[in-house]
Amino acid sequence: MTAHAAPAVNPNRTLLVLASAGLAYALAQTMIVPALPAIQRQFGTSPADVTWLLTAFLLTSSIATPLVGRLGDMYGKEHWLLVCLAVFGAGSVVAALAGSLEVMIAGRVIQGAGGGIFPLAIGIIRDEFPREKVATGIGTISAMFGIGGGVGLVVAGVLVDDVGVEWIFWLSAVASAFAAWATWRFVPESPVRVRARIDWTGGLLLSGALLTLLLAVSEGNTWGWTSAGVLALLSAALVLGGLWGRWEWRTTDPLVDLRLMRQRAVWTTNAATFAIGFAMFGSFVLIPELVQTPPIAGYGFGASVTASGLFLLPSSLVMLVAAPLSGRLGTQHGSKLPLALGTIFAAAGYFVLAWLHDARIDIYLGTVLLGIGIGLAFAAMANLTVEAVPPDQTGIASAINAIMRTVGGAIGAQISAAIVSADFVLGGRFPAESGFVTAFALSGVGALVALLVTLAVPSREHVRATRAATATAEAA
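By convention here, each chain's residues receive numbers from 1 onward along its written sequence. Thresholds applied to this predicted model are a pLDDT of at least 70 for local features of residues and 80 or more for the giving and counting of side-chain atom pairs; totals over whole chains, interfaces and linings are not thresholded and use all residues. Side-chain measures here rest on the full set of heavy atoms in the structure, leaving out hydrogens and waters.

What follows is about the overall build of the protein chain. Every helix listed is a DSSP run of H or I at least four residues long, and every strand listed is a run of E at least two residues long, numbered separately from the N terminus. Counting secondary structure elements, the protein chain contains 18 helices and two strands. Note that the radius of gyration is over C-alpha atoms, with the globule rule given as 2.2 Å times the number of residues to the power 0.38. On C-alpha atoms alone, the protein chain measures out to a radius of gyration of 21 Å, which is about the 23 Å that the 2.2 N^0.38 rule sets for 476 residues. Seen along its three principal axes, the alpha-carbon backbone of the protein chain occupies a region of about 75 × 45 × 45 Å. A 1.4 Å probe rolled over the protein chains alone gives each residue an accessible area, and that area as a share of the maximum for its type sets the label: buried under 20%, exposed over 50%, partly exposed in between. Expressed as a percentage of the 476 residues in the protein chain, the buried residues total 58%. Should any heavy atoms of two residues lie within 4.5 Å, those residues are considered in contact. For the protein chain, contacts bridging at least 24 residues in sequence account for 80% of all contacts bridging at least 6. Carbon together with sulfur atoms contributes 68% to the accessible area of the protein chain, which is approximately 18500 Å² in total. The averaged location of the 25 negative side-chain charges in the protein chain is 10 Å from the averaged location of its 25 positive side-chain charges. Using a 1.4 Å probe, the Shrake-Rupley method yields the accessible areas, and only the shown protein chains count as cover for residues. His is not counted, nor are the chain ends; Lys and Arg add positive charge and Asp and Glu add negative charge. By convention, the point assigned to a charge is CZ for Arg, NZ for Lys, CD for Glu and CG for Asp.

Dropping the structure here:
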């Protein structure tokens, strides 16, 4: 690649480029969901096999995110953002050209390896933006995760119905190519570097722990939660996690500085992120299934795949407002406030959906409340993470926060699916309405748990004082 002169920092332009990169990745996470039945028919495979298109992406994304976040801290965030976009785009092309399910899964594996896009984008904003624009910028990038999730369901329905499954991957390829060009052309390289060696042992142990944990969670409903395979995977995750923690605590240049991670400002934010992830991902599973159920079941609207995505569109739209608002609130009052408000709105949205879902307006009301809550909370969590760590740890700290969201989301989605699948009506044709009520209520409880954890997050002033004291001690 030809070297290019570092452009002057234009925060608005840079933010637009980084948002396009985040949106390209976020769309890929959910666009595949409405396409699964069509892919199953296309390749004549089983529901369990086609679900690997979701599982493979989740696994490689979780493994790649911390490694890429650390490499960005060490060797340059813009450079590694370009690498991530190139890998993601290559995976999209492989999946689009796939002639078999196995090749399409391989494409999704490659796509997932681009999982460092979000933490790298957040790191670039912290390093390059004026201080007063950092919180709003991070809030906007964080919103892309939720916006892409909702919009992806709508776009996928249109593409699958009108032009074919492969076009969900071609769209990802085009979006990643544009984002890569714009990043190369307009995003300056971050000057912040950490001098360290690459902790390959720590990366391998963390990857093994995440791989076994997420595989157990993803396959729990299919294999059975008490099956030998799931229990073995959970045991392996526990052992590997313990070995990883022991190694990271003792090694000189750890992949993840556990002394930093155990600080109250960091671990409480990560705990809240896990709970919000648990609550949020249930909406991507529950709402489309509920509205697609025909009224003969006693509930639902018999919506098409495309129409069911439209029920989530209001949620995505209000995030465009809620996320920047979260950043502005965080700048003025600290990010703890919008995080608390976000959990309250999210809990209210889920409780509305649990007890009011007989009319379309009920669904729209619930999704709007969810959009406000998720937009406020996601932006605040990212900002709290950035505020709590030194600049040279931004990439890896943001990556760990993203993993907590992913793991919480995977567990929440699987539990929601298990609850809804536990009881059926009309001869086993449709899930019972009671399952949706319980699953929505459980997601609301998850949001309230996040609120309780948020109360333990230290204030901005406390975090700044702690960091100043630590810096003074290290200098001495």
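The next point concerns the packing of helix α4 (residues 77–96) against helix α8 (residues 166–186). Each axis is a line fitted through C-alpha atoms, taken for helices only over the stretch in contact, and angles between the N-to-C directions span 0 to 180 degrees. Two elements in contact, α4 and α8, have axes whose closest approach is 8 Å; the angle formed by their N-to-C orientations is 160°. On the basis of their axis angle, the class for α4 and α8 is roughly antiparallel. Viewed along their axes, α4 and α8 form a crossing whose handedness is left-handed. Along its contact with α4, which presents E78, L81, L82, L85, F88, G89, S92, V93, A95 and A96, the element α8 presents E166, F169, W170, S172, A173, S176, A179, A180, T183 and W184. Its residues assigned to classes, the contact of α4 with α8 shows 13 nonpolar, five polar and two charged. In these notes the angle categories are as follows: under 35 degrees is roughly parallel, over 145 is roughly antiparallel, 65 to 115 is roughly perpendicular, and the rest is oblique. By convention the crossing between two helices is left-handed if the near helix lies anticlockwise of the far one by an angle smaller than a right angle, and right-handed if it lies clockwise. Polar here means any residue outside two lists: the nonpolar Ala, Val, Leu, Ile, Met, Phe, Trp, Tyr, Cys and Pro, and the charged Asp, Glu, Lys and Arg; Gly therefore counts as polar.

Below, the discussion takes up helix α6 (residues 117–128). Structural remark: α-helix, 3.6 residues per turn; residues separated by three or four positions point the same way. Given a helix with a known number of residues, its expected span is that number minus one, times 1.5 Å. Compared with an ideal rise of 1.5 Å per residue, which puts twelve residues at 16 Å, α6 spans 16 Å between its outermost C-alpha atoms and is within 8% of the ideal. Of all twelve residues making up α6, twelve are buried, and the element is well covered by its neighbours. Taken together, the buried positions of α6 are occupied by I117, F118, P119, L120, A121, I122, G123, I124, I125, R126, D127 and E128.

Any residue with relative accessible area above 30% and no salt bridge may belong to a patch, with like charges joined within 9 Å and the nonpolar Val, Leu, Ile, Met, Phe, Trp and Tyr side chains within 5 Å. By definition here, a salt bridge exists when the distance from a side-chain nitrogen of Lys or Arg to a carboxyl oxygen of Asp or Glu is within 4 Å. A cluster of nonpolar side chains, contributed by L317, L320 and V321, occupies part of the molecular surface with about 290 Å² of accessible area. Residue placement: L320 occurs in helix α13 (residues 305–333). With relative accessibility at 46%, the residue L320 sits in the partly exposed group.

Bringing the confidence of the model for the protein chain into the picture now. By definition, pLDDT measures how confident the predictor is in each residue, and it falls between 0 and 100. The predicted model of the protein chain has a mean per-residue pLDDT of 86, with 95% of residues at 70 or higher. Looking over the protein chain, one finds the lowest element-wise mean pLDDT in helix α18 (residues 460–475), namely 64, and the highest in helix α14 (residues 336–355), namely 95. Low confidence marks residues 1–7, where pLDDT is under 50. Its contacts with residues over four positions away, or in another chain, come to ten contacts.

Our next topic: the packing of aromatic side chains. Aromatic pairs are defined between Phe, Tyr and Trp rings, using the six-membered ring for Trp, whenever the two ring centres lie within 6.5 Å; interplanar angles under 30 degrees are classed as stacked, those over 60 as edge-to-face, and all others as tilted. Taken as a whole and judged by the stated rule, the model has ten aromatic pairs. Measuring from centroid to centroid gives 5.8 Å for F301 and F311, while their planes differ by 20°, and the two rings are stacked. You can see F301 sitting in the loop between α12 (264–292) and α13 and its partner F311 sitting in helix α13, a full ten residues away along the chain. When its relative accessible area of 16% is taken as the criterion, F301 is described as buried. Residue class for F311 comes out buried when judged on its relative accessible area of 1%. An aromatic cluster of at least three residues, connected via ring pairs, comprises Y25, F57, F88 and F118. Only when the NZ atom of a Lys or the CZ atom of an Arg is both within 6 Å of the ring centre and within 35 degrees of the ring normal do we say a charge sits over the ring. The cationic tip of R259 hangs over the ring face of W249; the distance from NZ or CZ to the ring centre is 4.3 Å. Seen from the ring of F378, R405 lies directly overhead, with NZ or CZ sitting 5.4 Å from the centre.

Let's shift gears to the pattern of salt bridges. This structure, assessed with the given rule, holds two salt bridges. The shortest N-O distance in the salt bridge between D73 and K77 comes to 3.7 Å. By relative accessible area, which is 0% here, D73 ends up buried. With its nearest N and O atoms 2.8 Å apart, the salt bridge here joins D127 to K77. On the criterion of sequence distance, the pair formed by D127 in helix α6 and K77 in helix α4 is long-range, its members being 50 residues apart. Note on D127: relative accessible area 15%, which makes it buried. In the salt-bridge network here, residues are joined through shared partners; they are D73, K77 and D127.

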